[in-house]
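# Per-entry structural report
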There are 2 protein chains.
Amino acid sequence: MPVKVFGSPASAEVARVLTCLFEKDVEFQLIRVDSFRGPKRMPQYLKLQPHGEALTFEDGNVTLVESRKILRHIADKYKHQGYKDLFGPGALERASIEQWLQTEAHSFAIPSADMVYSLAYLPPDLPLDGRGAAGLPPAAAGMHPSHRQKMEEMLQLFERSRKDLGKLLDIYEQRLGEEEFLAGGKFTLADLSHLPNADRLAADPRSARLIESRRNVSRWWYTISARDSWKRVKELQRPPSAEAPF
Amino acid sequence: MPVKVFGSPASAEVARVLTCLFEKDVEFQLIRVDSFRGPKRMPQYLKLQPHGEALTFEDGNVTLVESRKILRHIADKYKHQGYKDLFGPGALERASIEQWLQTEAHSFAIPSADMVYSLAYLPPDLPLDGRGAAGLPPAAAGMHPSHRQKMEEMLQLFERSRKDLGKLLDIYEQRLGEEEFLAGGKFTLADLSHLPNADRLAADPRSARLIESRRNVSRWWYTISARDSWKRVKELQRPPSAEAPF
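Every value quoted in this text rests on a predicted model; they were computed, and no experiment measured them. (Residues numbered from 1 in each chain as written. Chains lettered and ligands numbered in written order. Predicted model: local features only at pLDDT ≥ 70, side-chain atom pairs only at ≥ 80, totals over all residues. Heavy atoms only, no water.)

## Observations regarding the overall build of chain A
Scanning chain A for helices and strands turns up nine helices and five strands. Ordered by position from N to C terminus, the α and β elements of chain A give β-α-β-β-β-β-α-α-α-α-α-α-α-α. When burial is assessed residue by residue, chain A has 51% of its 246 residues classed as buried. Sequence-distant contacts, at least 24 apart, represent 74% of the contacts inside chain A between residues at least 6 apart. Total accessible area computed for chain A in this model is approximately 11800 Å², and 54% of it derives from carbon and sulfur atoms. (Helix = DSSP H or I, 4+ residues; strand = E, 2+ residues; numbered from the N terminus. Buried < 20%, exposed > 50% of the residue type's maximum accessible area, 1.4 Å probe, protein only. Contact = heavy atoms within 4.5 Å. Areas by Shrake-Rupley, 256 points an atom, 1.4 Å probe, with all protein chains shown as cover.)

The following block contains the structure:
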C-alpha cells in the first residue's frame, strides 16, 4: 500500500509533506477534493487558511496530521532512499535540525501566514513601509465603517508580523553567514520546512523585501527554492484554470 | 450532502459526467487520486484508458458507475435547475435522445477511443491517408520485430476505426443537415455525451479530418465544444504541470 496524503497542495502543511516525499523518492497517492457549484467554481483550493489547513497522512498503520511530525516520520522510515541528508549526517546535526524545526513552527510559520493573510486584504498600492501606526490613508475616510475597521486590523497585523519576522530573519541572516544551510552544510528538514511559507512571502513584493533585503537569507532562499522537489510541489499548486480565483 | 464524483477529469467517462453537472448547475465535489513516484511523476491521469476508466458517482443513496446512466440520473433529478433541455422539451425528443445515446455508446465511443489509442503509437510523420493495407513504410524494416508488430497492429486499428467512424459520421452529417443538433433543435444529452471522445479526435490533425471534412458535423462540433460546461471541463483536464507527460 503506497503512502496516502489527503489534502490540497495549496495548503502549506500539505506542501511541506509533499516536498519531503519527493526528496525521499517515496511512492504516494495524493487525494484531493475540489468543490464546485454553478457557473463559478468555488475557490476552495486557493482559500487562505493560515491557521488550520486540513491534512491527513497515512503510511500503513500510521496516521498523522501534523506536518512536521510527518516530516520526521518520512525522514526516519525512508532514510535509505532518495536524498539522504534530510536529518543530517549525524546526531549533532539532528539536534540542530530539531531546534530549527521548532523555530520554524513557532516563530516563522505564524507571522508569515499572518503577513500573507493581511496582504490579501490590503490594496496593492497602499504604501506600507514604515507606516506603522500611521494607519490608513485619507482616502479611507470614505469607506464603510466595517470595511475600514477590517483594514485597520489588517494594517496592524501586517505591521506586527513584519516586526516579528524582521527580528527573526536577522538571526537567520547571521546564521546563514556562518553556514550554507540552517543546520549546517547540507540541506535538511530545517530548511525544507520553511519552503511553503517562505514561498508565500516571496510571492508578494511587499513581503518579499524581508528576504531580499538580507543577503544571506536571499542566497539561502534562492538555493532551497530551486530544489526539484519544491518545483514539483509548485507545479501541483497551480490552479487547473487560468481564470481569476475571486 | 453534495454529489460526489470520484475519478480523473482526463477520463472520458468522468468528463461526460462533469459536463452534465456543470450544465445542470449541480453542487458537487470532485475527488481525484494522483499517484506519484520518485523523480518523474507517473502520468496516470493522462494514461489512455480507452475501455475502462474508473468512475464512481454518489448522490445521496444512489451510487452509479456508468457515465450515461449518470447523465440520465442528473438530467432527471435536477430537471428544474440549470440548462433545462438536456432531455429535450418533450417525450418525442426523449426517445430520439435515447437512440442517439445508444449510438454514441455503441458506435462512436469505441472506434474513437481506438483511433486515439492507435495514434498515440504511430509516429506523427507517418503518412496515414489511404494507406489501408499498405502497411509500414520501408524505413520500418530496421525496427525491432516486436515494435514492428505493434506498429502494424496499430495501423490496422487506425484503419478499421477510420472506416467505422467515417461511415457513422456520414449518417451524422445527413442528420445535422436536417437539424441543428442530433436530437432536434436543442443541445441535449445526445450531443453532450459525444464531447469527450469528439474532443480527442479533434485534438490530432490525423483524426480531426473526420470532423473537418464534414460541413454539418464541423458546425455541430464548433457549437457544442463552445459550451461553458465543456470549457470548464477542459480546464480541469489540463495537467498541473507543463512538463511532457511521457
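## Regarding the environment of A:Val62
Residues and elements named next belong to chain A. Here valine 62 shows up in strand E5 (residues 62–64). A residue is classified by how much of its surface remains accessible, and valine 62, at 30% relative accessible area, is partly exposed. Separated by 11 residues in sequence, valine 62 and histidine 73 have C-alpha atoms that sit 9.4 Å apart. Beyond its immediate sequence surroundings of up to four residues, valine 62 is in contact with Phe57 and His73.

## Some thoughts on the packing of helix H6 (residues 195–202) of chain A against helix H9 (residues 228–237) of chain A
Each packed pair of helices is defined by two parameters, the angle between the axes and the distance between the axes. All names here are of chain A. In contact at an axis separation of 12 Å, H6 and H9 are set at 65 degrees when each is read in the N-to-C sense. Along this stretch, H6 crosses H9, giving a crossing that reads as right-handed. Contact residues: H6 offers Leu195, Pro196 and Asp199, while H9 offers Trp230, Lys234 and Gln237. Partitioned by chemical class, the residues of the contact of H6 with H9 number three nonpolar, one polar and two charged. (Axes fitted to C-alpha atoms, helices over the stretch in contact; angles between N-to-C directions. Left-handed = near helix turned anticlockwise from the far one by under 90°. Nonpolar A, V, L, I, M, F, W, Y, C, P; charged D, E, K, R; others polar.)

## With respect to unusual backbone geometry
Residues and elements named next belong to chain A. Look at aspartate 25: it is not a glycine, yet its phi comes out positive at around 55 degrees. When you line up the elements, aspartate 25 lands in the loop between helix H1 (12–23) and strand E2 (28–37). Look at aspartate 25 and you get partly exposed, because its relative accessible area is 23%.

## What about the confidence of the model for chain A?
Per-residue confidence for chain A averages 86 on the pLDDT scale, and 86% of its residues sit at or above 70. Segment residues 39–52 of chain A: pLDDT under 50, and 29 contacts once partners within four positions in sequence are set aside and those in other chains are kept. (pLDDT = per-residue confidence, 0-100.)

## A short note on the packing of aromatic side chains
For the structure shown, the criterion picks out 18 aromatic pairs over all chains. Between the aromatic rings of A:Phe36 and B:Phe28, the centroid separation amounts to 4.9 Å while the plane-to-plane angle is 15 degrees, which identifies the pairing as stacked. Note that A:Phe36 is positioned in strand E2 and B:Phe28 in strand E2 (residues 28–37), a pairing that runs across two chains. Neither A:Phe36 nor B:Phe28 differs from the other in exposure class; each is buried. (Phe/Tyr/Trp six-rings, centres within 6.5 Å; stacked < 30°, edge-to-face > 60°.)

## Describing the packing of helix H3 (residues 91–121) of chain B against helix H6 (residues 195–202) of chain B
All names here are of chain B. Following both chains from N to C, one finds H3 and H6 inclined at 30 degrees, their axes separated by 9 Å at the closest point. Note on packing geometry: the crossing formed by H3 with H6 is left-handed. Packed against H3, whose contacting residues are Glu104, Phe108, Ala109, Ser112, Ala113, Met115 and Val116, the element H6 presents Asn197, Ala198, Arg200 and Leu201 at the interface.

## Considering the pattern of salt bridges
For the coordinates displayed, the defined rule picks out 34 salt bridges over all chains. Residue A:Lys77 is joined to A:Asp59 by a salt bridge in which the shortest nitrogen-to-oxygen separation is 3.2 Å. Linking A:Lys77 in helix H2 (residues 67–77) with A:Asp59 in strand E4 (residues 56–59), this pair joins segments that are 18 residues apart in sequence. Judged by its relative accessible area of 5%, A:Asp59 falls in the buried class. Salt-bridge contacts for B:Glu178 lead to B:Arg175; the nearest nitrogen and oxygen are separated by 3.7 Å. Placement of both B:Glu178 and B:Arg175 in helix H4 (residues 145–178) is noted, with a separation of three residues, approximately one turn of the helix. Residues participating in the shared-partner salt-bridge network are A:Glu13, A:Arg16, A:Glu66, A:Arg68 and A:Glu104. (Salt bridge = Lys/Arg side-chain N within 4 Å of Asp/Glu carboxyl O.)

## Considering the nonpolar core
Residues B:Val5, B:Leu21, B:Tyr172 and B:Leu189 are the most contacted members of the largest nonpolar core, which totals 64 residues. Sorting elements by how many residues they give to this core places H4(B) first, with 10 residues. Residue-level mapping places this core at the junction of two domains, with at least three residues from each of domain 1 (3–83 + 233–237) and domain 2 (91–227) of chain B. Apart from residues no more than four positions distant in its own chain, B:Leu21 is found in contact with B:Val3, B:Val5, B:Val26, B:Phe28, B:Phe57 and B:Ile74. A:Leu18, A:Leu30, A:Leu64 and A:Ile211 belong to the second-largest nonpolar core, a separate cluster that totals 63 residues. (Core = buried A, V, L, I, M, F, W, Y, C linked by side-chain atoms within 4.5 Å. Domains from an automatic or database assignment.)

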